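Summary of structural features
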Amino acid sequence: MSEVGASSINLTALEERLVDVIWTDQPDYPNDTLIVMNTTFTGATWLSKLENIREQLRGRNADTIVITALDEVAWTLNLRGADVPYTPVFRGYLIVGLNYATLYIPPEKVTQEVRLHLEADGANTSAVVRIKDYDTFWADLQELNNLSTGVWLPSAYMLCFRRQPSNLSNGKGHNNSIGQSIRQSLASPVLLTKTMKNDVEAAGMRDAHIRDAVALCQMLNRLDEDVESGRQEWDELRVISSLADLRRAQPLNHGLSFPTIAGFGPNSALPHYESNNVTNRVLNTSSLFMLDSGGQYL
């Protein structure tokens, strides 16, 4: 229990997650397997990324870091997933020590390709990433109190995945799982490191924009030729479907980055408008057509 300022109000931590109590029909998680990204796309091995993290650990007089943001886990280990719509991440936690690293993910996502990629069956050294069940993370986090002298926990920009097992979580988040004397609450070093693109990543970003521009230009050209002349009828839903097909035809395309927003006339003024069979409008030259879309590429 903690007191709120000088008032008489008190807050009591609840171990039960109230969202899970009222959301009784939660959908199952996707069962897509992970994608292994080689250096053709990443420009750096996961081992070099771990060594960079360890160097920053030494600079902070810490021996362990807990990485919880899903994009940071995926980027560090050169893995991608599909657990979140339109976002190539997967459920997982990563604990990195000076001489070890452990990835916590659901067992069904552990393929032989992933094990080989992470050298998971090798000796327990700094050049290996061990793989453990996702549900054991919170218990292992508590063990760091006995195994570490300095634990770097992400703060301010932390992201934890929902539905942590209630029998493992103390209901107060990972910060309260680590003793105050060894806890260092700092922004994750991966947050900043991954923003500084290497040559391969920068080239990949440029190539992705070019590929996506080709698909978009093809779409706009069709509309330019067909709508004004009336040669073919286009409506919002047809644009959405056709643009998705054009993107899929591009090399290395990996789907959309968010649902395409295509709105004509009054629909173009609606924030985050999503066309459907009821609201769908036919395009013509009498008003504004708004198209907001994006794609993902390896």
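Just so it is clear, the model here is predicted, and its values are computed rather than measured. (Residues numbered from 1 in each chain as written. Predicted model: local features only at pLDDT ≥ 70, side-chain atom pairs only at ≥ 80, totals over all residues. Heavy atoms only, no water.)

When helices and strands are tallied, the protein shows nine helices and 14 strands. With respect to the principal axes defined by its C-alpha atoms, the protein has extents near 75 × 55 × 35 Å. For the protein, the proportion of its 298 residues judged to be buried stands at 39%. Of all intrachain contacts in the protein linking residues separated by at least 6 positions in sequence, the fraction that spans at least 24 positions is 73%. Each charge class in the protein can be summarised by its mean position, and for the 25 positive and 35 negative side chains these summaries are 4 Å apart. (Helix = DSSP H or I, 4+ residues; strand = E, 2+ residues; numbered from the N terminus. Buried < 20%, exposed > 50% of the residue type's maximum accessible area, 1.4 Å probe, protein only. Contact = heavy atoms within 4.5 Å. Lys, Arg positive; Asp, Glu negative; His and termini not counted. Charge placed at Lys NZ, Arg CZ, Asp CG, Glu CD.)

The volume enclosed by the largest pocket comes to roughly 1000 Å³. Of all the elements in the fold, those that place two or more residues in the lining of the largest pocket are helix 2 (39-42), helix 4 (70-77), helix 8 (199-226) and strand 14 (295-297). Top contributing element to the lining of the largest pocket by residue count: helix 8, with ten residues. For the lining of the largest pocket, the per-class residue count stands at 14 nonpolar, eight polar and nine charged. (1 Å grid on protein atoms, 1.4 Å probe; cavity = no way out; pocket = protein on both sides within 12 Å on 5 of 7 lines; lining within 4 Å. Points joined across faces, edges and corners; volume = space filled by probe spheres on them. Nonpolar A, V, L, I, M, F, W, Y, C, P; charged D, E, K, R; others polar.)

Turning next to the sheet that holds strand 10 (residues 183-186). Taken in spatial order, the six strands make up an open sheet running 8-7-6-4-9-10, and their pairing is mixed. The open sheet has two edge strands with one neighbour each: strand 8 (130-133) and strand 10. Taking the axes of each pair of neighbouring strands and ignoring which way they run, one obtains an average angle of 20° across the sheet. In this sheet, strand 7 (residues 101-105) lies alongside strand 6 (residues 93-97) in antiparallel orientation, the contact comprising four bridges. Considered in strand 7, the bridge of Tyr93 is made with Tyr104. Across the sheet, helix 4 is in contact with strand 4 (64-67), strand 6 and strand 7; its angle to strand 6 comes to roughly 55°. (Pairing = 2+ DSSP bridges. Axes fitted to C-alpha atoms, helices over the stretch in contact; angles between N-to-C directions.)

Turning our attention to the nonpolar core. The biggest cluster of nonpolar side chains holds 26 residues, and the ones touching the most others in it are Ile67, Leu77, Phe90, Val96, Leu103, Leu118 and Val129. Sorting the residues of this core by element identifies helix 3 (46-59), strand 4, helix 4, strand 6 and strand 7 as the ones contributing at least two each. Excluding residues within four positions of it along the chain, Leu103 makes contact with Val73, Leu77, Leu79, Phe90, Tyr93, Leu94, Leu118, Val129, Arg130, Ile131 and Lys132. Counting 13 residues, the second largest nonpolar core, distinct from the first, contains Val66, Ile95, Tyr104 and Val151. (Core = buried A, V, L, I, M, F, W, Y, C linked by side-chain atoms within 4.5 Å.)

Quick look at unusual backbone geometry now. Although it is not a glycine, Tyr86 adopts a positive phi angle of roughly 65°. Within the fold, Tyr86 resides in the loop between strand 5 (79-80) and strand 6. Residue classification places Tyr86 among the partly exposed positions, given a relative accessible area of 40%. Phi at Glu119 takes a positive value of approximately 55°, unusual for a residue other than glycine. Secondary-structure assignment places Glu119 in the loop between helix 5 (112-117) and strand 8.

Another point: the UniProt feature "domain: Peptidase M24" (unreviewed entry) in the protein. Following the UniProt record, the feature "domain: Peptidase M24" (unreviewed entry) maps to residues 204-297 here. From the first C-alpha to the last, residues 204-297 spans 8 Å; its make-up is 38% helix and 16% strand. (UniProt positions renumbered as here; feature names shortened; annotations may be inferred.)

Glancing now at the environment of Lys194. Locating Lys194 in the fold gives a position in the loop between helix 7 (189-193) and helix 8. It is 36 Å that separates the C-alpha atoms of Lys194 and Ala269, two residues lying 75 residues apart in sequence. Setting aside its immediate chain neighbours within four residues, Lys194 contacts Asp71, Glu72 and Trp75. A polar contact of 3.0 Å, which involves the side chain of Lys194, links it to the side chain of Asp71. (Polar contact = N/O pair within 3.5 Å; in protein donor to acceptor, adjacent residues only side chain to side chain.)

This part is about the confidence of the model for the protein. In the predicted model, the protein carries a mean pLDDT of 90, and 92% of its residues have values of at least 70. Low pLDDT (under 50) marks residues 157-172, which in the prediction has 44 contacts with non-local residues, meaning those over four places away or in another chain. (pLDDT = per-residue confidence, 0-100.)

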